Amino acid sequence: PKMPKSVSIPYSGAAKTIHLLSGVGGWNFPAIPKGSTSMIVRIEYEDGTKEDHALKNGEHFSDYIRRIDVPGSQFAFYLQGKQLRYLAINPRKATPIKSIEFVKGRDASAPVVMAVTVEGN
């Protein structure tokens, strides 16, 4: 089966921070070199504007297989011996949000998002 290229979740309201239990994937750093975009968090505001937050391999994401620390996310916990990490996205505008989309980057990784929590303003 093919994995989706993007997943969009509806959200209604302004957001101070989007918290992600994520930061790991298959074939992420060090399996592939640092610097590529593993995933884009795309915020669509109710006014029609969009904002992209590129999450980079080796900076925000690392391979799930064992604990591999990278500067843009924090180790959260082990799940059946594999790591999960935490990172946060801060929207640049206080405008109400319509949706949050997770878009696969162009690299060979398979990013994982286990949970999303939105902290409102």
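Preceding block: the structure.
What comes next is a walk through the structure. Since we're looking at a predicted model, the values are computed, not measured. (Residues numbered from 1 in each chain as written. Predicted model: local features only at pLDDT ≥ 70, side-chain atom pairs only at ≥ 80, totals over all residues. Heavy atoms only, no water.)

1. Some points on the sheet that holds strand E9 (residues 97-104)
Then step 1. One open sheet holds the four strands; their spatial order is E1-E9-E4-E5, and the pairing between them is antiparallel. What marks the edges here is a single partner per strand, and that holds for strand E1 (6-13) and strand E5 (50-56). Between one strand axis and the next, the sheet turns by 20° as a mean value, whatever way the strands run.
Then step 2. Relative to E9, E1 is paired through six bridges, and the arrangement is antiparallel. Paired with Ser6 across the two strands is Val103, which belongs to E9. (Pairing = 2+ DSSP bridges. Helix = DSSP H or I, 4+ residues; strand = E, 2+ residues; numbered from the N terminus. Axes fitted to C-alpha atoms, helices over the stretch in contact; angles between N-to-C directions.)

2. Comments concerning the pattern of salt bridges
Think of it this way: side chains of opposite charge can pair up when their charged atoms draw near.
Then step 1. Taken as a whole and judged by the stated rule, the model has eight salt bridges.
Then step 2. Among the salt bridges present, the one from Glu51 reaches Arg92, with a minimum N-O distance of 4.0 Å. Remark: Arg92 occurs in the loop between strand E8 (82-89) and E9 and Glu51 occurs in strand E5; sequence separation between them is 41 residues.
Then step 3. A relative accessible area of 5% means that Glu51 is categorised as buried. (Salt bridge = Lys/Arg side-chain N within 4 Å of Asp/Glu carboxyl O. Buried < 20%, exposed > 50% of the residue type's maximum accessible area, 1.4 Å probe, protein only.)

3. Considerations on unusual backbone geometry
Then step 1. Cis geometry is adopted by the peptide bond preceding Pro30, which originates at Phe29 and carries an omega value of 10°.
Then step 2. Relative to the helices and strands, Pro30 is located in the loop between strand E3 (24-26) and strand E4 (37-45).
Then step 3. Positive phi, close to 50°, is recorded for Gln80, a residue that is not glycine.
Then step 4. One can find Gln80 in the loop between strand E7 (74-79) and E8.

4. Remarks on the sheet that holds E8
Then step 1. Pairing in this open sheet of four strands is antiparallel, and the strands run E7-E8-E2-E11 from one edge to the other. Each having just a single partner strand, E7 and strand E11 (115-119) make up the two edges of the open sheet. Strand-to-strand twist across the sheet, computed as the mean angle between neighbouring axes with direction ignored, equals 20°.
Then step 2. Looking at chain direction, strand E2 (residues 17-22) and E11 are connected through five bridges and run antiparallel. Directly across from Leu20, in E11, lies its bridge partner Val116.

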